[in-house]
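Listed here are the chains, written in short residue letters.
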Amino acid sequence: MKKSILIIFISVIFNYSLLNADENEIILPKTMVWSTYGLASSSYPEASAFADALMKNYNVRVRLKPSGTGIGRLLPLKKKRVNIAFLGSESFFASEGIYDFAAKNWGPQNLRVILARPNTFGIAVPANTDIYKISDLKGKRVAYTTANPSVNVKVEAIMSFANLTWNDVTKTVFPAFTASVKALQTGKVDAVGAVPSGPGVYELAASRKGIRWLDMPKNNIDGWNKLQNIIPFMHPQIETLGAGISETNNVELGGYRYPTLTVYEDASVEEVYNFIKAIDLSYELFKDITPVMYRWKLNSAVGTPVDAPIHKGTIKYLKEKNLWSDEDEKWNNQRIERLNTLLEGWENFLNKNNNLNDEDFKTKWLEERKLLLAKFLK
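Overview of the structure. (Residues numbered from 1 in each chain as written. Predicted model: local features only at pLDDT ≥ 70, side-chain atom pairs only at ≥ 80, totals over all residues. Heavy atoms only, no water.)

Another point: the packing of aromatic side chains. Enumeration according to the criterion identifies 23 aromatic pairs in this entry. Taking the centre distance of 5.1 Å and the plane angle of 85 degrees together, the rings of F101 and W106 count as edge-to-face. A ring pair is formed by W346 and F361, whose centres lie 5.6 Å apart and whose planes are at 85 degrees; its orientation type is edge-to-face. One end of the pair, W346, is in helix α13 (residues 326-353); the other, F361, is in helix α14 (residues 358-372), and 15 residues separate them in sequence. For the pair W346 and F361, one class covers both residues: buried. The ring of F121 carries K154 above its face, with NZ or CZ at 5.4 Å from the centroid. In this structure, K171 packs its charged tip against the face of Y144, placed 4.4 Å from the ring centre. (Phe/Tyr/Trp six-rings, centres within 6.5 Å; stacked < 30°, edge-to-face > 60°. Helix = DSSP H or I, 4+ residues; strand = E, 2+ residues; numbered from the N terminus. Buried < 20%, exposed > 50% of the residue type's maximum accessible area, 1.4 Å probe, protein only. Lys NZ or Arg CZ within 6 Å of the ring centre and 35° of its normal.)

What follows is the structure, encoded as structure tokens:
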């Protein structure tokens, strides 16, 4: 009798252990490849920190594939050569089929977001120049990065604060974002758009030139209205962390989410679920690696609005953690409806207009896109 009870007890404990192990088991690919911004960006060391944490916790080997352009980061994801893309706002532009993605071989992309931490963006200048406010950029050399709408459109929007356009400055073209930041350090350009936590701008802040960020005051209602007409996903935010910035020397910049960990809609629900869970459970390993890594704490790095719809695998995990609200669900459904409208409209448009030259095609598509999205305007 005692022996039978003991066997039953051991069996119960064993089965409970198996059940508990299954609940906590995280299955990840043995190797992963992620596309990221270049070495001088803030997202590259963040991706490196994630990769190191997953290696230590789950023996996953990650190879980072850096690129200085939005297309260079997204194309490998489209061709399934990388598992995840660490994107800037090209996740929004690509899902909308605008800027470089208004081309015949692109169009609206059916993207989904896994995670995206809070971030800021602004225009940086050397502190030893006579550029103190956005209006002072008139006639100055402002960096423009080829095939990088994520950076270029934010700079354009910020310049609109002072009624400036690219025609009012000396647009200085660079092949990649890293090159533009280096050019600011070497005096080949007067201003560059960047995130305050990027390694390149820290180097400028540490140099004899120093660094200055051009304020974007929240109380400049007219300026913010002009900016949001160009990039509706940006909002006023006080930044206390970054190159030349601190709690006592803060600056008002543009708030948005970056980097945005992005996949396509058809990415496996279970793979995305396991990935976000692994990142969440590895937080203690990477939270102090760079000054901004604490912003990847799960309750900060999820939620809506964001550049593209949220992936089902993320939603599954967030529901388990009670971090998915009715408001998030409503926003996500509306964002998916908008994206599906563009995807369907694009197919019809492409079939009818594929014979147009590239410039006429882009112009006509952007006009068609406005008509397709008319019903979503508030």
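Let us now look at the packing of helix α6 (residues 177-186) against helix α7 (residues 199-206). Packing of α6 against α7 leaves a shortest axis separation of 9 Å and a crossing angle of 5 degrees. The orientation of α6 relative to α7 falls into the category roughly parallel. Along its contact with α6, which presents V181, K182, L184 and Q185, the element α7 presents G200, V201, E203 and L204. Here the contact of α6 with α7 is built from residues that sort into 4 nonpolar, 2 polar and 2 charged. (Axes fitted to C-alpha atoms, helices over the stretch in contact; angles between N-to-C directions. Parallel < 35°, antiparallel > 145°, perpendicular 65-115°, else oblique. Contact = heavy atoms within 4.5 Å. Nonpolar A, V, L, I, M, F, W, Y, C, P; charged D, E, K, R; others polar.)

Moving on, we come to the pattern of salt bridges. Oppositely charged side chains are able to pair whenever their charged atoms sit close together. By the definition in use, this model includes 17 salt bridges. D288 is the salt-bridge partner of K287, the closest N and O atoms lying 3.1 Å from each other. According to the relative accessible area criterion, K287 is partly exposed, its value standing at 21%. Relative accessible area serves as the criterion here: at 62%, D288 is assigned to the exposed category. Salt bridges sharing common partners tie together E96, R335, R338 and R369. (Salt bridge = Lys/Arg side-chain N within 4 Å of Asp/Glu carboxyl O.)

It is worth spelling out the pairing of strand β10 (residues 251-264) at this point. Among the 14 residues that make up β10, 13 are buried, leaving the element largely enclosed by the rest of the structure. Bridge count for strand β3 (residues 84-87) against β10 is 3 bridges, and the pairing is antiparallel. Bridged to F86 within β10 is L261. By the bridge criterion, 9 bridges tie strand β4 (residues 111-126) to β10 in an arrangement that is antiparallel. Bridge pairing in β10 places R112 opposite V263. Note that strand β9 (residues 235-239) and β10 share 5 bridges and pair antiparallel. Bridge pairing in β10 places E239 opposite V251. (Pairing = 2+ DSSP bridges.)

This part covers the environment of K104. Here K104 lies in the loop between α4 (90-96) and β4. The exposure class assigned to K104 is partly exposed, which follows from its relative accessible area of 26%. Once the C-alpha coordinates of K104 and F361 are considered, the two residues, 257 residues apart in sequence, prove to be 7.7 Å apart. In contact with K104, not counting residues within four places along its chain, are W346, L350, N354, N355, L356, N357, D358 and F361. A distance of 3.0 Å separates a polar side-chain atom of K104 from the backbone oxygen of N354. (Polar contact = N/O pair within 3.5 Å; in protein donor to acceptor, adjacent residues only side chain to side chain.)

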